[in-house]
Amino acid sequence: MVALCVVLLGCEAGKTATTRARSFVPPPLRRAAPQPVPVEVNEALVTNLSVTPGSNFFVPTNGALPPRPGNPQYLLSRADRFFADGKRAVQEGRPKDARRDFDGAIDILMSEPLPEDAAERRRLQERLDDLVDAIYHYDLEQLGAGIPTVAALQAQQPVEKQILETSLPTNPGLRNQVREQIEMTMSELPLEETDAVLGYIDYFSSDRGRKILLSGFARAGRYRDMIHGVLSEEGMPAELIFVAQLESHFNPMAVSSAQAVGMWQFVRATGQEYRLKVTSQLDERRDPEKATRAAAKYLLDLYRRYGDWYLAMAAYNCGAGCVDRAILRTGYADFWELRRLRALPVATTNYVPVVLAMTIMFKNADAYGLAIEPDPMLEYESIELDADLNLALAAAAIDRPIGQVKQMNPALLQNVAPKDYVLRLPMGSLQQLQAALEAVPPAQRKSWRVHRVEESDTLASVAKKYGTTPAKVGAANNGALPEPGLFAAIPAVVVAAPAPKKATAKPAAKAGPKTATGKSSAKQSDPASSAKGKAPAKPGARAGGKAKASSTRAAGA
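Rules used throughout
- Residues numbered from 1 in each chain as written.
- Predicted model: local features only at pLDDT ≥ 70, side-chain atom pairs only at ≥ 80, totals over all residues.
- Heavy atoms only, no water.
- Core = buried A, V, L, I, M, F, W, Y, C linked by side-chain atoms within 4.5 Å.
- Buried < 20%, exposed > 50% of the residue type's maximum accessible area, 1.4 Å probe, protein only.
- Helix = DSSP H or I, 4+ residues; strand = E, 2+ residues; numbered from the N terminus.
- Contact = heavy atoms within 4.5 Å.
- pLDDT = per-residue confidence, 0-100.
- Phe/Tyr/Trp six-rings, centres within 6.5 Å; stacked < 30°, edge-to-face > 60°.
- Salt bridge = Lys/Arg side-chain N within 4 Å of Asp/Glu carboxyl O.

Grouped together as the largest cluster of nonpolar side chains are 77 residues, with contacts concentrated most on W264 and Y316. No other element matches helix α17 (residues 346-363), which puts 10 residues into this core. When neighbours within four sequence positions are excluded, W264 is seen to be in contact with I227, L240, V243, A244, A291, T292, A295, L299 and Y316. Listed in part, the 28 residues of the second largest apolar core include A411, V440, W448 and V450.

Along the chain, R224 turns up in helix α10 (residues 224-233). When its relative accessible area of 9% is taken as the criterion, R224 is described as buried. Residues R224 and P374, spaced 150 residues apart in sequence, show a C-alpha to C-alpha distance of 9.5 Å.

Here the chain averages 75 in pLDDT, while 68% of its residues score no lower than 70. Low pLDDT (under 50) marks residues 5-68, which in the prediction has 89 contacts with non-local residues, meaning those over four places away or in another chain. Throughout residues 494-557 the model reports pLDDT below 50, and contacts reaching past four residues in sequence, or to other chains, amount to 252 contacts.

Turning our eyes to something else, we now look at the packing of aromatic side chains. Per the stated rule, a full pass over the model turns up 12 aromatic pairs. Measuring from ring centre to ring centre gives 5.5 Å for Y203 and F204, while their planes differ by 65°; the resulting arrangement is edge-to-face. Assigned by exposure class, Y203 and F204 land together as buried. Measuring from centroid to centroid gives 5.3 Å for Y274 and Y298, while their planes differ by 80°, and the two rings are edge-to-face.

Evaluation of the coordinates by the stated rule reveals 18 salt bridges. The closest approach of N and O atoms between R100 and D97, which form a salt bridge, is 3.3 Å. Here R100 pairs with D97, and both are found in helix α4 (residues 95-110), just three residues apart, close to one helical turn. With a relative accessible area of 37%, R100 lands in the partly exposed category. Put simply, E234 and R293 hold a salt bridge, and the shortest N to O gap is 3.6 Å. On the criterion of sequence distance, the pair formed by E234 in the loop between α10 and α11 (241-248) and R293 in helix α13 (residues 288-306) is long-range, its members being 59 residues apart. Here E234 matches R293 in class, with each residue buried. Connected via shared salt-bridge partners are E233, E234, E289, R293 and K297.

As structure tokens, this is what we get:
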């Protein structure tokens with residue numbers, strides 16, 4: 001669980017707190033101050049003074065008053081400075097300083113109330129998401145994957161880490177209001193207004209809690225239709241979507257300190273038990289739909305085991321064996337009784353109330369003043385590969401950054417997509433990739449590149465551009481370049497990125513559904529007590545050894 005469980009829970013690992021220097025004002029002197037001594041002022045030095053990351057000092061360089069701390073531009077500027085200092089620390093081999101500065105960048109954007117202006121709110125959230133993704137790349141590639149601080153960052157919303165480990169105070173004034181809302185709310189998941197639920201509703205009504213809640217509700221827009229569709233097909237409550245919000249904030253890249261991965265947070269063993277492949281090239285725990293399908297099947301298995309959705313969610317969090325032992329010790333197969341008797345881990349006893357609080361507040365958003373602005377759903381086209389394919393070749397073919405291709409394919413751990421993988425592409429780019437693939441022999445797609453021929457191109461000019469020879473370019477293209485506008489094969493080696501230090505922690509994000517099945521288990525589940533899953537249906541189809549394309553709209557709204 002990484003958002004409100006690595007995030008809200010924030011394992012021991014994310015405990016780094018941002019330390020800020022305080023401006024110091026000396027006490028008044030009791031003796032007469034000495035006469036001022038003329039000092040030669042270095043104008044260049046004064047002019048170049050600026051914000052010092054982590055301090056409260058700001059010396060304007062243009063004579064204007066500095067913006068107030070609540071000003072979004074001010075917050076963005078300070079966050080960017082922390083981030084820049086973190087990058088410099090990485091380059092200079094100071095990982096502890098880098099993590100501290102990266103924490104500072106995130107904390108700056110989380111420390112102030114949300115602006116009233118909707119555009120400014122979205123601007124801050126988008127920058128927060130960008131920083132989290134960038135920091136994740138630094139963590140993975142240069143700081144060592146899986147460090148506590150970044151594990152929390154991957155959840156997108158670092159918050160008070162003890163929130164699932166402690167009991168929140170109850171606001172008695174909420175009880176009647178919440179009870180009335182529950183009576184008027186349509187929900188397939190049973191809803192209750194226990195003290196624990198009221199405590200989390202009260203927390204999520206605070207400035208910081210509201211940020212977490214709104215951010216998750218917004219990100220759900222990318223996947224909501226897909227998740228609801230899968231849950232409906234499995235005959236399950238649609239409200240279980242909030243398990244994914246609690247686990248990862250709908251982040252396919254999420255990695256917890258326990259190395260649970262993906263939107264639904266599977267550890268390697270239980271993911272593989274439920275037929276989610278994990279290899280040096282591929283981690284299907286990151287695939288949004290496959291992981292959702294697997295999580296739905298696992299939750300359904302747990303429901304069939306206990307006959308109760310609360311116990312099923314508790315088991316998803318701490319494992320079926322943990323819940324079984326609690327029931328055997330106490331004689332109660334009732335979540336609230338197990339909670340009262342403290343028979344379950346503290347985080348598990350708060351896990352269910354958080355899901356219920358999110359459900360109640362989402363379904364009564366107006367009553368809580370929640371202006372939900374869902375992210376647009378993800379859209380993509382897909383093609384099943386008949387040979388290994390370097391993502392650099394694919395990116396060049398569709399004129400997109402390789403990072404965008406990787407983000408649309410979060411399951412890929414390297415820059416090479418393996419044979420039979422269903423590659424997702426931005427809408428409208430499929431035909432371009434197909435044309436490029438026709439120009440390159442299947443055996444060479446792992447290393448070669450492609451070039452769209454222009455009127456002025458010659459074998460010599462193209463060869464020079466890609467650091468090869470005219471003879472090699474000619475040999476790869478039947479002796480001559482194709483007509484302008486078509487793709488030429490370039491026998492220049494594309495160096496694939498090395499495998500990540502830990503196979504569970506390579507970023508990429510955002511994909512959408514294609515038909516697939518599978519089973520999963522949760523972060524702390526007991527593999528021995530879990531039902532066996534069925535092998536996932538092979539996504540896509542193949543024809544004649546060539547890639548076959550399909551078009552799919554990812555879930556959202």
